[in-house]
Amino acid sequence: MSNLRWYVVHTLTGKEFTVKKALETHLLNSPDDRKYFSNIFVPTEKVAEVREGEKKITERKFFPGYILVEMELNDKTWYMIKNTPGVTGFVGTKTRPVPLREEEINELIEQTKEGKERPVPKIMFKPGEAVRVKEGPFKNFTGNIEDANLEKGKIRVMISIFGRPTPVELEAWQIEKI
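Below you will find a few notes about this structure. Quick caveat, the model's predicted, so the values are computed rather than measured.

**What about the sheet that holds strand β11 (residues 164-171)?**
Phase 1: The 5 strands lie next to each other as β11-β10-β9-β8-β12, forming an open sheet whose pairing is antiparallel. Looking at the sheet topology across the chains shown, the edges are occupied by β11 and β12 (175-177). Strand-to-strand twist across the sheet, computed as the mean angle between neighbouring axes with direction ignored, equals 45°.
Phase 2: Where strand β10 (residues 154-161) meets β11, 8 bridges bridge the pair, whose relative direction is antiparallel. Paired with Lys154 across the strands is Glu171, a residue of β11.

Here's what the structure looks like:
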């Protein structure tokens, strides 16, 4: 029977991938320790933003400063994780790491898959916010957000065309907050 559970490991911010690589390297060089580990995971999502007039897709960490490790917790594995450069500790009580529930890790993995398939806007928009269109045929028009469907990356903005309020559906990367 396997005692593998998912644990959240706190790292120095910006060192998540360095810690992951260090743990993977240690496990490659230590076959005895490998049996206690199954997966080391940095949850990320793709994010759409406009830089210098071009739409760019970048990757953003879901939880900066944290990685997820599927492992069997014992004194040896606890010590190995705690002594990895860049690791500050486990999430849990002061004396004992608390494993994630199965539903939590499944939901997180699902969110990560969705984030990789469909980029989300880097900046979140809410109905009622004033925005300026920075790309496309309505460039430099201003208006208010009527509806924001962030799953699809579409934002409906009410802009004034020929003195009449007109709803226009735009991509999130085409607008910016005023």
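**Let's talk about the sheet that holds strand β5 (residues 66-71)**
The strands that make up a sheet pair up through hydrogen bonds in the backbone, lying either parallel or antiparallel.
Phase 1: Judged by pairing direction, the sheet is antiparallel, and its 4 strands sit side by side in the order β2-β5-β1-β6 without closing on themselves. Strand pairing shows two members of the sheet lacking a second neighbour, β2 (37-41) and β6 (87-90), which therefore form its edges. Neighbour-to-neighbour, the strand axes of the sheet open up by a mean angle of 30°, direction not taken into account.
Phase 2: As paired strands, strand β1 (residues 5-11) and β6 are joined by 3 bridges and run antiparallel to one another. Counted as the bridge partner of Val9 is Phe90 from β6.
Phase 3: Sitting on the sheet, helix α3 (residues 75-82) touches β1, β2, β5 and β6, and the angle it makes with β6 is about 145°.

**What to know about the environment of Thr77**
Phase 1: Summarising the element assignment, Thr77 is placed in helix α3.
Phase 2: As for Thr77 and Arg34, which are separated by 43 residues in sequence, their C-alpha atoms are 10.0 Å apart.
Phase 3: Apart from residues no more than four positions distant in its own chain, Thr77 is found in contact with Tyr36, Phe37, Met71 and Glu72.

**Observations regarding the side chain of Glu129**
Phase 1: Of note, Glu129 is situated in the loop between β7 (120-121) and β8 (130-133).
Phase 2: Of the residues examined, Glu129 reaches a relative accessible area of 19% and is grouped as buried.
Phase 3: For Glu129, the side chain forms a polar contact with the main-chain nitrogen of Lys126, separated by 2.7 Å.
Phase 4: In this view, Glu129 contacts Met124, Gly143, Asn144, Ile145 and Lys177; residues no more than four positions away in its chain are not counted.

Calculation notes
Residues numbered from 1 in each chain as written. Predicted model: local features only at pLDDT ≥ 70, side-chain atom pairs only at ≥ 80, totals over all residues. Heavy atoms only, no water. Pairing = 2+ DSSP bridges. Helix = DSSP H or I, 4+ residues; strand = E, 2+ residues; numbered from the N terminus. Axes fitted to C-alpha atoms, helices over the stretch in contact; angles between N-to-C directions. Contact = heavy atoms within 4.5 Å. Buried < 20%, exposed > 50% of the residue type's maximum accessible area, 1.4 Å probe, protein only. Polar contact = N/O pair within 3.5 Å; in protein donor to acceptor, adjacent residues only side chain to side chain.

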